[in-house]
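# Notes for the structure review
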Amino acid sequence: MDFDFKMTSFASFLDSDMGVHWYNVSIAEVNHSAANSSIFSEDSSTEPFYDFVHALYLFVIPLISILGIIGNVLSIKVFLCTTFNKQPSSIYLAALSVSDTWFLVALLMGWLGSFDGTIQQSGVSCMISIYVTYVTGFLSVWYVVLIVIDRYIVVCHPLRGPRLCSRKRVAIASSVITTFAVIFYTHCFHTTMIVKKANGKDVQCVVQKDAMFTLEIITYIDSVMTIGLPFIAIFVLNCSLILAVRKFNMKHIRFSERKLYSYSPQYSILTKAQIRLTIMLVVVSSVFLILNLPSHAIRLYIMIKGLAMLKEQRLILFLLQQIFQILYYTNFAINFILYMSSSTLFRKCLKETPKCWVLQKLRLKKTLLDRRTKYG
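Report follows, based on the coordinates. Everything numeric in this text was worked out from a predicted model, so none of it was measured.

About the thresholds
- Residues numbered from 1 in each chain as written.
- Predicted model: local features only at pLDDT ≥ 70, side-chain atom pairs only at ≥ 80, totals over all residues.
- Heavy atoms only, no water.
- Helix = DSSP H or I, 4+ residues; strand = E, 2+ residues; numbered from the N terminus.
- Buried < 20%, exposed > 50% of the residue type's maximum accessible area, 1.4 Å probe, protein only.
- Contact = heavy atoms within 4.5 Å.
- Areas by Shrake-Rupley, 256 points an atom, 1.4 Å probe, with all protein chains shown as cover.
- Expected span 1.5 Å × (residues − 1).
- Arc of directions from axis to C-beta.
- Core = buried A, V, L, I, M, F, W, Y, C linked by side-chain atoms within 4.5 Å.
- Axes fitted to C-alpha atoms, helices over the stretch in contact; angles between N-to-C directions.
- Parallel < 35°, antiparallel > 145°, perpendicular 65-115°, else oblique.
- Nonpolar A, V, L, I, M, F, W, Y, C, P; charged D, E, K, R; others polar.
- Patch = residues over 30% accessible without salt bridge, like charges linked within 9 Å, V, L, I, M, F, W, Y side chains within 5 Å.
- Salt bridge = Lys/Arg side-chain N within 4 Å of Asp/Glu carboxyl O.
- Lys, Arg positive; Asp, Glu negative; His and termini not counted.
- Charge placed at Lys NZ, Arg CZ, Asp CG, Glu CD.
- Phe/Tyr/Trp six-rings, centres within 6.5 Å; stacked < 30°, edge-to-face > 60°.

## Some remarks on the overall build of the chain
In terms of regular secondary structure, the chain is built from 14 helices and 4 strands. Here the chain, with 376 residues, has 47% of them falling under the buried criterion. Intrachain contacts of the chain at a sequence separation of at least 6 include 77% that bridge at least 24 residues. Looking at the chain as shown, the accessible area adds up to about 19,000 Å², and 67% of this sits on carbon and sulfur atoms.

See the structure below:
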């Protein structure tokens with residue numbers, strides 16, 4: 001296989017010469033002429049498929065990145081600078097939007113770097129890009145998990161909601177997850193190194209040979225933390241939320257028809273606004289699962305099959321993986337559309353004049369602290 005791989009942080013594939021190890025590669029890193037001469041000569045029917053995937057990478061990646069960054073910035077504005085900020089879960093949603101934005105920035109920089117070597121000549125941007133995508137990929141998954149847990153407590157255990165889902169506890173949970181990710185993924189600075197390419201000018205990030213075993217263990221741990229546990233938690237809690245929302249709606253219709261009111265503490269505490277917010281977040285988390293599953297499924301298949309795959313199978317899987325990776329990238333850009341389509345409150349708040357409630361609260365606390373200091 002005469003592929004010219006350059007390590008970035010955007011897709012995973014199995015290197016046939018190195019055994020079962022995960023590598024981050026990009027479709028733009030494949031040398032097109034080499035592929036035409038050595039790979040596709042054996043099966044010319046795969047060349048149109050390659051061209052299609054290559055075109056997707058060329059045009060779809062920047063489109064996803066730019067539109068996603070714009071949508072996420074607007075989402076941050078809604079969650080922090082409008083009345084939506086009164087919802088405790090707005091902290092999770094704002095953090096998710098910030099994380100997704102940084103991932104898309106790194107993705108766009110990697111896309112640009114695959115065409116313009118000067119962007120990565122120092123090698124620093126390469127390392128930072130890998131680190132940022134590691135951290136933001138982890139945070140995006142776990143912010144969604146925290147959002148679903150928050151909704152589960154509010155809807156299924158509403159009497160405990162005010163205590164367990166307060167703004168203070170939400171802020172603490174977000175901080176703990178963020179701190180863990182920032183520290184844990186510093187391993188990429190120790191397991192990768194910067195080397196010069198054959199032309200002597202450009203550089204690339206590659207895995208250190210003596211760190212292969214360590215990186216393999218970390219990869220398995222990372223897979224459990226970002227795929228196994230989160231997917232099970234989101235699926236189970238989403239099913240519980242869907243059943244709870246359905247039960248609430250049926251009760252509400254029945255009591256409305258009979259002009260009665262629920263005597264159950266659960267239905268007397270829950271409001272229609274909370275249920276509508278829950279529906280929006282269930283939609284977001286469900287789309288998250290749908291867009292992530294294909295990419296993770298093919299990664300698992302490649303890991304299981306390993307070296308047993310034929311050369312042609314490996315090529316097809318590589319190209320399929322690139323398509324599924326684009327779906328994965330879409331997950332970081334699509335939330336704004338989901339918020340707009342599923343939440344009346346979000347659409348209403350988007351039209352509001354921005355009022356930075358965070359800054360207002362900080363100023364209020366500072367004023368109170370100054371008065372307390374001045375008057376004892």
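## Comments concerning the side chain of Ser90
Position of Ser90 relative to the elements: it lies in helix α3 (residues 90–113). Given the relative accessible area of 0%, Ser90 is considered buried. The residues contacting Ser90, other than those within four sequence positions of it, are Phe79, Phe84, Asn85 and Arg167.

## Re helix α6 (residues 167–184)
Given a rise of 1.5 Å per residue, 18 residues ought to cover 26 Å, and the 26 Å separating the end C-alpha atoms of α6 matches this to within 8%. Those residues of α6 lying buried are Val170, Ser174, Ile177 and Ala181. Looking down the long axis of α6, one finds its buried residues gathered within 70° of arc, a one-sided arrangement. Among the exposed residues of α6, those oriented more than 90 degrees off its buried face are Lys168, Val176 and Ile183.

## Description of the nonpolar core
Counting residues in hydrophobic clusters, the biggest one holds 50 residues, and the most contacted among them are Phe79, Phe84, Leu93, Phe138 and Tyr339. Broken down by secondary-structure element, the contributors of at least two residues to this core are α2 (47–81), α3, α4 (124–156), α6, α8 (212–258), α10 (272–305), α12 (335–342) and α13 (344–350). With 16 residues, α4 is the largest single contributor of residues to this core. Apart from the residues lying within four places of it in its own chain, the contact partners of Phe138 are Ile177, Phe180, Ala181, Tyr185, Met225 and Thr226.

## Structural notes on the packing of α3 against α6
Contact geometry for α3 and α6: axes closest at 9 Å, N-to-C directions at 30°. With respect to their mutual orientation, α3 and α6 come out roughly parallel. Along its contact with α3, which presents Ser90, Ile91 and Tyr92, the element α6 presents Arg167, Val170, Ala171, Ala173 and Ser174. Looking at the contact of α3 with α6 residue by residue, the classes come out as 5 nonpolar, 2 polar and 1 charged.

## A look at a positive patch on the surface
Taken together, the side chains of Arg160, Arg163, Lys168 and Arg169 make up a positively charged region of the molecular surface. Checked against the element boundaries, Lys168 lands in helix α6. According to the relative accessible area criterion, Lys168 is exposed, its value standing at 64%.

## Here's the deal with the pattern of salt bridges
This structure, assessed with the given rule, holds 1 salt bridge. For the salt bridge of Asp150 with Arg151, the shortest nitrogen-to-oxygen distance reads 3.5 Å.

## Some remarks on the packing of aromatic side chains
This model, assessed by the stated rule, comprises 19 aromatic pairs. For the pair Phe231 and Phe288, a centre-to-centre distance of 6.1 Å together with 55° between the ring planes defines the contact as tilted. Remark: Phe288 occurs in helix α10 and Phe231 occurs in helix α8; sequence separation between them is 57 residues. Of the residues examined, Phe231 reaches a relative accessible area of 10% and is grouped as buried. By the ring-pair criterion, three or more aromatic residues cluster together here, those being Tyr134, Phe138, Trp142, Phe180, Phe184 and Tyr185.

## Observations concerning a nonpolar patch on the surface
Together, Leu63, Ile66, Leu67, Ile70 and Leu74 make up a nonpolar patch on the protein surface, roughly 450 Å² of accessible area in all. You can see Leu63 is positioned in helix α2.

## A look at the environment of Phe332
Mapped onto the elements of the fold, Phe332 is located in the loop between α11 (311–331) and α12. The exposure class of Phe332 is buried, given its relative accessible area of 1%. Residues within four places of Phe332 in sequence aside, it is in contact with Asn72, Asp100, Phe103, Leu104, Thr136, Gly137 and Ser140.

These values are about where atoms sit, not about what they do.
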